[in-house]
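An overview of the molecular structure
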Number of protein chains: 2
Amino acid sequence: MARAAGVAPSTVSYVLSGKRSISEETRRQVEQSVRKLGYHPHAGARALASSRTKVLALVVPLRADLNMAVMMQFVSSVVTAAREHDHDLLLLTKDEGPQGLRRVTSSAIADALIVMDVEAADPRVPVLRSLDRPVVLIGAPDQITPMGLTCVDLDFTAAGASCVGHLADLGHRSIALIGPSPAVYKRGTSFAGRFLRGFTDAAKVRGVRATSHPCAPGYEATRACLDELLAEEPKVTGLIVHNEAVLPAVLTELQRRGRRMPEDLSLIAVCPDAMADNQPVSLTTVAIPATELGEMAVEMIIRQLEQKAPSAPETRLLSPRLTQRASTAPRKS
Amino acid sequence: MARAAGVAPSTVSYVLSGKRSISEETRRQVEQSVRKLGYHPHAGARALASSRTKVLALVVPLRADLNMAVMMQFVSSVVTAAREHDHDLLLLTKDEGPQGLRRVTSSAIADALIVMDVEAADPRVPVLRSLDRPVVLIGAPDQITPMGLTCVDLDFTAAGASCVGHLADLGHRSIALIGPSPAVYKRGTSFAGRFLRGFTDAAKVRGVRATSHPCAPGYEATRACLDELLAEEPKVTGLIVHNEAVLPAVLTELQRRGRRMPEDLSLIAVCPDAMADNQPVSLTTVAIPATELGEMAVEMIIRQLEQKAPSAPETRLLSPRLTQRASTAPRKS
DNA sequence: CTGAAAGCGCTTACAG
DNA sequence: CTGAAAGCGCTTACAG
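Residues numbered from 1 in each chain as written. Chains lettered and ligands numbered in written order. Predicted model: local features only at pLDDT ≥ 70, side-chain atom pairs only at ≥ 80, totals over all residues. Heavy atoms only, no water.

Regarding unusual backbone geometry
We count it as follows: Secondary structure elements are taken from DSSP: a helix is a run of H or I of four residues or more, a strand is a run of E of two residues or more, and numbering for both begins at the N terminus.
In this model, Met261 of chain A is joined to Pro262 of chain A through a cis peptide bond whose omega is 0°. Mapping Pro262 of chain A onto the fold places it in the loop between helix H12 (247-256) and strand E9 (266-271). In this structure, Asp132 of chain A takes a positive phi of about 65° despite not being glycine. Residue position: Asp132 of chain A is located in the loop between helix H7 (124-130) and strand E4 (135-138). Look at Ala108 of chain B: it is not a glycine, yet its phi comes out positive at around 55°.

Here it is, written out as structure tokens:
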């Protein structure tokens, strides 16, 4: 390559990296040869010499109880954002555990880590903290920031409160939450707990009756959950569904039971907006901003990589956005 | 590392790779130091010296008209299988196009490529063929094998035929297919066309009436599609849904219109079996074996990497598996 | 059974 | 503004 352009290898390197000024002429010379030969520097050699791989690692959970479609939205937006910043994306699974994280960083496969689905008491947290590479969590575990990790997430507490606020404003006095699978709460996946807390606290403040119903995946579980919920007195007139996997089943069952939306029941779905499109009714939603979160995570990581000094850990919580559509209405008194 | 174990660097390398015999004693010595120091060889250095990265690249489509949940199943199984074979997975998107493939291979970021969603006249095909690295396609484009690429896929032609066969055996004489979005056919994504061909040909052979209804995503499109389909004469009594995204909407709409399953209408869903679980009725399915396909792709790639001589391209088509459940029954005469 | 040495293809101080 | 040289951390013939 260097000889094709009639310059020294170092010059090629400098042209490509822009790390020092180059005369118009040699730059053109080099760029032309690069194009002609379809030259791409050897990634391993570059990594070895520069200690930079230009690879980001994303650790995803592969859990049946988390929604695959939502996961894929995160993955999509992270890989797209990474490429926009001239980085590649390595995919890791949660199954690799703490040692997987060590492997990837200590063998210099990736420069930084984006980690999803961190649980309370997650054994990966201490490792992540000791890694000495930029780390951003998507999803904020309770109490992580003081422990020194950077997170981005939807403000699920505010999201829970905002749902309650909307329903209360519409006059609903008895509301219910269909939440994620019990297994999700049990693992201490904090988004579930935070949403629930926001929901509960806001209900107390607004003086409305509020019950919570975690729901396992599968149609049977959904039906059972609705049985329980609809039997309550006073009658539930406001429903929040914070569980993408069972949302279609909930809608189908409500219809089968003759509960009309919004006449008999107002419903808010907490899910990516794209998902609301496939539903029979235009749903009032609190959006899960998967795409923005993925982009933000990448941008924060890239910024950390650009500055040599490790930046102070921060937590960025996106404010929830509630969009009213046809599935919520004032309570019929 | 080498000094910690009191041996030469080359010895460490040989212990780790197993490429030559080592005395019990030095092996133990080395292994112990490896554990103690948490040593992992530098991936870039290894790649540079050995021309092997131990990284597989997976190229996924990020298209709204392909089902995200199904995509994620493929991704999951590929990454899991790759790790089982001691390889990492780099994720690329279709958006990167032909030059993305060149970039990844010519900069030696990955050893081999697994590519999804290859279309008719896909500009990536000639590039893929010229790449001189193992390539496996998930999803067999028509006419690709003679062009020299290895593929794995479900035998969609047989799948279409098998659906028709099942319904015809049950006595249905007028059947319909709700297929993927028109955009999918237009792109020449071959699974859609192959399924349709199997469906059409088998219907001809069995002498049943058969119509095809591509369906765009979204509830409105689904409703329109059903309007058209249910207006047909003679009345459709057998329905095949080969479109995961609209399946829940189809079921909801059928119920809303008072069409009972299987009394009024027998329905077969073509989708991953996991997806059938979340539906109100236990559905007769032809499974899309995403997990198996991903595993097979990885195994074929790994095998190609192990043998130095490039192996002859082959196409492996999995036979469809139809599982009868509660949504299909003999036609009420 | 093991080691010394060359070399993989870059980047980056060091010189000029 | 540019080049020669060292060095990144491995692997793999080459010797013994």
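A word on the environment of Gly198 of chain A
You can see Gly198 of chain A is positioned in helix H10 (residues 190-206). Expressed as a C-alpha distance, the spacing of Gly198 of chain A and Thr157 of chain A, which sit 41 residues apart in the sequence, is 4.1 Å.

Structural notes on the pairing of strand E6 (residues 174-179) of chain B
The side chains of a regular strand alternate between both faces of the sheet. Residues and elements named next belong to chain B. What counts here: Three exposure classes are used, based on accessible area relative to the maximum for each residue type with a 1.4 Å probe and protein chains only: buried under 20%, partly exposed in between, and exposed over 50%. Here the rule is simple: two strands pair whenever DSSP picks up at least two bridges between them.
Most of E6 is tucked away: six of the six residues are buried. Both E6 and strand E7 (residues 209-214) contribute to a ladder of six bridges, which runs parallel. Counted as the bridge partner of Ile178 is His213 from E7. Sheet topology places E6 next to strand E8 (residues 238-241); four bridges connect them, and they run parallel. In the sheet register, Ile175 faces E8, and the bridge partner there is Gly238.

A closer look at the pattern of salt bridges
How we decide: What counts as a salt bridge is simple: a side-chain nitrogen of Lys or Arg found within 4 Å of a carboxyl oxygen of Asp or Glu.
In this structure the tally under the stated criterion is 49 salt bridges over all chains. The shortest N-O distance in the salt bridge between Asp86 of chain A and Lys54 of chain A comes to 2.8 Å. Separated by 32 residues along the polypeptide, Asp86 of chain A in the loop between helix H5 (68-84) and strand E2 (88-93) and Lys54 of chain A in the loop between helix H4 (43-50) and strand E1 (55-60) bring together distant segments of the chain. Residue Asp88 of chain B is joined to Arg103 of chain A by a salt bridge in which the shortest nitrogen-to-oxygen separation is 2.8 Å. Of this pair, Asp88 of chain B sits in strand E2 (residues 88-93) while Arg103 of chain A sits in helix H6 (residues 97-106), each in a different chain.

Notes on the domain arrangement of chain A
Quick reminder of the rule: How far each domain reaches was decided by an automatic or database domain assignment.
Splitting chain A by domain gives domain 1 (2-41), domain 2 (55-155 + 290-318) and domain 3 (156-287). On a C-alpha basis, the centres of domain 1 of chain A and domain 2 of chain A stand 35 Å from each other.

A short note on the relation of the copies chain B and chain A
Rules: Least squares is the method for superposing the copies, and the C-alpha atoms it fits come from residues with pLDDT of at least 70 in both. The contact criterion used is simple: two residues touch if any of their non-hydrogen atoms lie within 4.5 Å.
Of the transformation superimposing chain B on chain A, the axial component is 0.0 Å and the angular component is 180°, with the fit at an RMSD of 0.1 Å. Here the copies are linked by what is in effect a two-fold axis. Interface overlap between copies: 100% of the residues of chain B at the interface are likewise at the interface in chain A, consistent with a symmetric, same-surface contact.

Points about the packing of helix H2 (residues 9-17) of chain A against helix H3 (residues 24-37) of chain A
Residue and element names in this part refer to chain A. We count it as follows: Only the contacting stretch of a helix is used when fitting its axis, a line to C-alpha atoms as for every element, and angles between N-to-C directions run 0 to 180 degrees. These descriptions rest on fixed angle ranges, namely under 35 degrees for roughly parallel, over 145 for roughly antiparallel, 65 to 115 for roughly perpendicular, and the rest for oblique.
Two elements in contact, H2 and H3, have axes whose closest approach is 10 Å; the angle formed by their N-to-C orientations is 90°. The orientation of H2 with respect to H3, classified from their angle, is roughly perpendicular. Between H2, through Val12, Val15 and Leu16, and H3, the contact on the second element is made entirely by Arg27, Val30, Glu31 and Val34.

Some thoughts on the packing of helix H8 (residues 156-169) of chain A against H10 of chain A
Residue and element names in this part refer to chain A. Quick note on the threshold: For a crossing to be left-handed, the near helix must be turned anticlockwise from the far one by less than a right angle; the clockwise case is right-handed. Nonpolar residues are Ala, Val, Leu, Ile, Met, Phe, Trp, Tyr, Cys and Pro. Charged residues are Asp, Glu, Lys and Arg, and all others, Gly as well, are polar.
In contact at an axis separation of 6 Å, H8 and H10 are set at 35° when each is read in the N-to-C sense. As H8 packs across H10, the resulting crossing turns out to be right-handed. Residues Phe156, Thr157, Ala159, Gly160, Ala161, Cys163, Val164, Gly165, Ala168 and Asp169 of H8 touch H10, and the partners they reach there are Phe191, Arg194, Phe195, Gly198, Phe199, Ala202, Ala203 and Arg206. By residue class, the composition of the contact of H8 with H10 is eleven nonpolar, four polar and three charged.

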